[in-house]
Amino acid sequence: MRVLITGTSRGIGRAAALKFLALGHEVHGIDVNPATIAHAQYTHHVADVRLEEALPDIEDVEILFNNAGVQQGEDDIATNLSGAIRVTEKYIARNPALKSILFNASASSVSGQEFPHYVASKAGLVGYMRNVAIRTAPRGVTCNAISLGGVLTESNDAVMRDPDMWKAIMDVTPMKKWTMLDEVCEWVVFLTVVNRSMSGQNLLIDNGEKDLNPTFVWPGF
């Protein structure tokens with residue numbers, strides 16, 4: 001299948017792209033940064049999801065994974081929410097073969113625990129996901145969100161490499177672990193490739209943080 005993923009230069013987006021490629025799919029990636037993947041079945045597009053006119057024309061997309069995101073204050077809403085809306089509306093309109101849409105939301109969309117603009121952007125993303133799910137259901141499209149708690153990615157190095165901060169985080173994490181990228185990718189593939197019946201759902205995968213101990217620990221929070 002032809003897969004389109006935003007934010008593929010690092011982290012979850014890059015890992016998901018590599019997973020789909022390993023499974024034999026064709027992947028198109030969109031990121032403001034240059035490609036970090038070299039593969040015959042991978043096409044990279046340097047573009048900013050905040051700018052509708054910058055989005056490339058890509059046909060025959062069957063899976064759309066809205067993953068691009070930032071955590072930088074007021075720009076969070078422009079990228080995480082408005083950017084995802086622009087991407088989704090463009091590609092659902094021009095891709096009748098679309099089968100699955102997935103949004104990378106956040107555990108904070110449910111708990112409210114994090115920085116204000118980030119929480120608002122991710123909570124808005126979940127609401128928008130349900131709107132898209134309603135509109136695309138008659139086409140047989142599945143549309144869901146994945147809301148992750150802590151994930152072992154390079155963007156979290158600041159706390160992962162700080163022994164005191166890491167201990168404070170683990171003290172309030174019921175399962176005493178964060179999710180590995182490989183597991184995240186398995187969820188992404190399941191929700192977009194295997195799943196054909198669940199739609200409009202926000203899956204919370206947070207190692208028990210929200211329901212068992214909803215305490216958020218982060219520098220400056």
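Definitions and limits used
- Throughout, residues of each chain are indexed from 1 in the direction in which the sequence is written.
- It should be noted that, the model being predicted, local features are given only for residues of pLDDT at least 70 and side-chain atom pairs only at 80 or more, the latter also being counted only at that level, while totals for whole chains, interfaces and linings use all residues.
- Computation of side-chain values: all heavy atoms of the structure, hydrogens and water removed.
- Each helix is a run of DSSP H or I of at least 4 residues and each strand a run of E of at least 2, with the numbering of both proceeding from the N terminus.
- Helices are assigned an expected span. That span is 1.5 Å times one less than the residue count.
- To get the bend at a given residue, fit one axis to the seven residues ending there, fit another to the seven starting there, and take the angle between those axes.
- Note on classification: 1.4 Å probe, protein chains only; a residue is buried when its accessible area is under 20% of the maximum for its type, exposed when over 50%, partly exposed between these limits.
- Contacts: residue pairs with any heavy atoms within 4.5 Å of one another.
- We call two strands paired when DSSP finds no fewer than two bridges between them.
- Orientation is described by axes fitted as lines to C-alpha atoms, over the contacting stretch for helices, and by angles from 0 to 180 degrees between their N-to-C directions.
- Cavities and pockets are defined on a 1 Å grid built over the protein atoms alone: a cavity is a set of grid points where a 1.4 Å probe fits but cannot escape, while a pocket is an open set with protein on both sides within 12 Å along at least five of seven lines, and lining residues are those with an atom within 4 Å of any such point.
- Grid points are joined across faces, edges and corners, and a volume is the space filled by probe spheres set on the points.
- Three classes are used, and their members are as follows: Ala, Val, Leu, Ile, Met, Phe, Trp, Tyr, Cys and Pro are nonpolar, Asp, Glu, Lys and Arg are charged, and the others, Gly among them, are polar.
- For this document, the term salt bridge refers to a Lys or Arg side-chain nitrogen within 4 Å of an Asp or Glu carboxyl oxygen.

**Q** Can you help me understand helix H2 (residues 75-93) in this one?
**A** Note: α-helices contain 3.6 residues per turn, so residues at a spacing of three or four share the same orientation. Here H2 contains 19 residues, and its C-alpha end-to-end distance of 26 Å stays within 8% of the 27 Å for a straight helix at 1.5 Å per residue. The sharpest bend along H2 measures roughly 35° and falls at Ser82. For H2, the full list of buried residues reads Asp76, Thr79, Asn80, Leu81, Gly83, Ala84, Val87, Thr88, Lys90, Tyr91 and Ile92. Of the surrounding secondary structure, the elements contacted by the buried residues of H2 are strand S1 (2-6), strand S2 (26-31), strand S4 (63-66), strand S5 (100-104) and helix H4 (116-136).

**Q** Mind showing me how you'd approach the sheet that holds strand S6 (residues 142-148) here?
**A** The strand order S3-S2-S1-S4-S5-S6-S7 describes an open sheet built from seven strands, whose pairing is parallel. In this open sheet, the two edge strands, each paired with only one partner strand, are strand S3 (42-46) and strand S7 (202-205). Taking each pair of neighbouring strands and ignoring which way they run, the sheet shows an average axis angle of 15°. Pairing geometry for S1 and S2, over five bridges, is parallel. Residue pairing for S2: Leu4 is matched across the bridge by His28.

**Q** Even after reading the chapter, I still don't get empty space enclosed by the protein, so can you show me in this structure?
**A** Vacant regions in the atomic arrangement are exposed by a probe of water-molecule size rolled over the atoms. Under the definition given, this model contains one cavity of 30 Å³ or more. In this structure, the largest cavity is lined by Thr6, Val49, Asn66, Asn67, Ala68, Thr79, Asn80, Gly83, Ala84 and Val87. The element best represented in the lining of the largest cavity is H2, accounting for five residues. Classifying every residue of the lining of the largest cavity by side-chain character gives four nonpolar, six polar and no charged.

**Q** Looking at this model, I keep getting lost on unusual backbone geometry. Mind explaining?
**A** The general pattern is negative phi for most residues beyond glycine and trans for most peptide bonds. Phi is positive for Lys176, close to 60°, though the residue is something other than glycine. Along the polypeptide, Lys176 turns up in the loop between helix H6 (163-171) and helix H7 (181-194). For Lys176, a relative accessible area of 48% gives the class partly exposed. In this model, Asn207 sits at a positive phi of 55°, which is unusual for a non-glycine residue. By the element assignment, Asn207 lies in the loop between S7 and helix H8 (209-212). The exposure class assigned to Asn207 is buried, which follows from its relative accessible area of 8%.

**Q** Explain the pattern of salt bridges here, please?
**A** Side chains that differ in charge, positive against negative, can pair when their charged atoms come close. Evaluated as defined, the whole model comprises 11 salt bridges. Between Lys167 and Asp171 there is a salt bridge, and its shortest N-O distance comes to 3.0 Å. In this pair, Lys167 and Asp171 are both assigned in helix H6, four residues apart and thus about one turn of the helix distant. Owing to a relative accessible area of 45%, Asp171 belongs among the partly exposed residues under this scheme. Overlapping salt bridges, with partners in common, bring together Asp57, Glu59, Lys90 and Arg94 in one network.

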